[in-house]
Every structure is written in structure tokens, then in C-alpha cells.
Amino acid sequence: MSKPYDPIPAPQLRFAAELRKLWTRGGEPTLQDLAARMRWGRTTVSALLNGKRFPSWEQMAALAEACGERPEAWQPRWQEARGQLTTLRLECATTTPASEPDQEAPPIVEHLVGAAELSAHWYRNNPEFYAAATERVRLARAEIRLTYTRQSPPTALTTPASVEYFREILAWAAAESEDERCVRRIIGIPERDGVPQADMLAWARQHHEDTDDLLNYEARVQRWTAAADGLNMALIDDSVVFLAFSGHARQKLNGFSVEDRTFMSYFTAHFDQLWSALPSLGDYLADQGSQETRRA
């Protein structure tokens, strides 16, 4: 028996219609041109305009800019539509869905092929990556999971975008909110022969002092013995994962983000496995203090 047709949610179709109006006002560029301006794949852009996929805020902002409009002017409409979708999904999860008439968005290009195709956004450099991650941190609702494993501390990253990113994480954790929110960060501290790298250890001590009164912020430590940076990630709620790849220079960094719950679930499972096995930042620093006393 063939799988029954699963209609596209009405809020998603309505919002796609608004996106097609935006596309029209922007001069109706070809999908290839529009995708190049947005720096997303053509099949992803097609899915957004056809209503087959609801845009992330990152995609929405890129589409608005590509069509000559201000992203911030679209944020209220995007948030309202996303809220309607969330409500509808919760209702469907607790009730038996009634039959609905088939709804079809007017196709403007070929449909997305393959439900398992991932939508990734690539960032060319440090400022692009950190600016995008900062925007998603600001939109986070409940939980942010982070790793930082590099040969130098965050204070050595001096681009304005990276400075703003690290500041925004703590601001989000400290902000008053009715939502339950939590930031969990795994800090990889490089060490050789059991001795931690001096700059990272000094930063970790200052960081612990700066964040000790943040009830929504926790940090744990992973001893890092490799003479290279680790793969760093930011997992925001259950919606997006940012993966960062650093180079030989301190400021050299690029990466990508993916919005797919199944893809993200592998990284959250890995993060949680690491988290459960690591000491808190406070315990790690106390142990280091004891070792320094014994060596003196």
C-alpha cells in the first residue's frame, strides 16, 4: 500500500506564499541566481519557495537580503509563522488528525529530491561563522551546548564577531527569562606531560571566577593531549548544529551549520556522553591547585 499523502501544514503554505511575493518584488531572479546570493543550495531555496520546507531564521534573513529587503522587517512574521507551526505540531501529537483536503503550492521550480537531503550553510571565515552563530544564540529558547578545544583561549580571538559571540553566550545565560534555559560548555584544556597550557589555564581560572554566579551556566573540562585544535561545535536547542574547523593561525576558522534534528541527534549524544564523564571546571581547577602545591 502506498504511503498516504501528508499535506503541508497550512501556516507553512501561507508563509511560503509570502516568500514568493518577496521573490516577485525582488525581480524574480532565477533559482540559480537566488541561491548564489543566499549561499544556500538551489534545492533548498526551491523547497522554501514551494512551501516544502519552513525556513530557519538564517535562511529567512538570507532570502530577504537577496531580494533587497531588510531581514529585521521579516522577523515578526517569521516568528509568528514558526509559532503557529509549533502549536499545530503539538496538537497533532496529542490528537488524531482529521482528514484535510490536499493542498498544493504552485511550483516554481523542481521539488526537493530525497527527504534525507541535508541543508548546510557554509561559512568562509571567522567573522561569517561567528556572526551567524551569535544570531542563533540570541534566538535560542532553552539549551545551548558548546565545546571549545583550541591551543589558545577565546581571549586570543580578536575579530569583533568572535568577541561578540563569546560575550553573547554569557549574556544569554544571564538574561532574565520565563523559559528554563541552560548553557553547558565543555572546555578542552591542552596539556603536555600532565601540565596544562599556561594561557588556557589562566583563562579557565578567570572564566570560572567570571561565571561562578551564573546559575544557568555550567562548564566541564576535558584534558586535551593532542597538539592540535579539536572539532568544535555549538548545539542550539534541538534545531541547529554549528561545526567549526580552525587553522594554523589563531584567527583562522570556518565551518558550516546544519538544521536537521536527526543529524543533530548524533552530536548531542556525543556531547552528553562526554559531559557525563568530565569533571566540573571548579573541580578541575581545585585539582590543578593541589598539583601545583605538591610541585612547589
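Anything mentioned here points back to the structure above.
Residues numbered from 1 in each chain as written. Predicted model: local features only at pLDDT ≥ 70, side-chain atom pairs only at ≥ 80, totals over all residues. Heavy atoms only, no water.

## A look at the nonpolar core
Let me state the cut-off plainly: Only buried residues count toward a nonpolar core. Its members are Ala, Val, Leu, Ile, Met, Phe, Trp, Tyr and Cys residues joined through side-chain atoms within 4.5 Å. Buried means the residue's accessible area, taken with a 1.4 Å probe over protein chains only, is under 20% of the maximum for its type, while exposed means over 50%, and partly exposed covers the values in between. Strands are runs of DSSP state E lasting at least two residues, helices are runs of H or I lasting at least four, and both sets are numbered from the N terminus onward. Contacts are residue-level and defined by heavy atoms, with any inter-residue pair within 4.5 Å sufficient.
Residues Y130, Y165, V183 and F242 are the most contacted members of the largest nonpolar core, which totals 37 residues. Examining the composition of this core, we find that six residues originate from one element, helix α7 (residues 160-174), more than from any other. When residues no more than four places from it in sequence are discounted, the contact partners of Y130 are R150, L157, A161, S162, Y165, F166 and L253. In terms of nonpolar packing, the next biggest core, distinct from the first, is built from 26 residues, L31, F54, A81 and L139 among them.

## Focus on the pairing of strand β1 (residues 120-123)
Applicable threshold: In short, DSSP must find at least two bridges between two strands for them to pair.
Judged by which residues are buried, β1 turns out to be one-sided: H121 and Y123 face inward and are buried, whereas A120 and W122, on the alternate face, are not. Strand direction decides the pairing type here: β1 and strand β8 (residues 253-258), joined by four bridges, are antiparallel. Within the sheet, the bridge partner assigned to Y123 lies in β8 and is G255.

## Notes on unusual backbone geometry
Of note, E28 is a non-glycine position whose phi angle comes to about 50°, a positive value. For E28, the position within the fold is in the loop between α1 (10-25) and α2 (31-38). Although it is not a glycine, D237 adopts a positive phi angle of roughly 50°.

## So, the packing of aromatic side chains
So the rule is basically this: Only the six-membered ring of Trp is used, alongside the rings of Phe and Tyr, when aromatic pairs are assigned; centres must lie within 6.5 Å, and planes under 30 degrees apart are stacked while those over 60 apart are edge-to-face, with the rest tilted. Two thresholds decide whether a charge sits over a ring: the Lys NZ or Arg CZ must be within 6 Å of the ring centre and within 35 degrees of the ring normal.
Enumeration according to the criterion identifies 17 aromatic pairs in this entry. When the ring of F15 is compared with that of F54, the centres are 5.3 Å apart and the planes differ by 45°; the resulting orientation is tilted. Here F15 is found in helix α1, whereas its partner F54 is found in the loop between α3 (42-50) and α4 (57-66), with 39 residues between them in sequence. Each member of the pair, F15 as well as F54, carries the same accessibility label: buried. Residues Y165 and F166 carry aromatic rings whose centres are separated by 5.1 Å and whose planes lie at 70° to one another, so their mutual orientation is edge-to-face. Of the two residues, Y165 and F166, both sit in the buried class. The aromatic ring of W74 is capped on one face by R77, whose charged end is 3.8 Å from the ring centroid. The aromatic ring of W172 is capped on one face by R181, whose charged end is 4.2 Å from the ring centroid.

Note that every value here comes from positions in space, so none of it alone points to a role or purpose.
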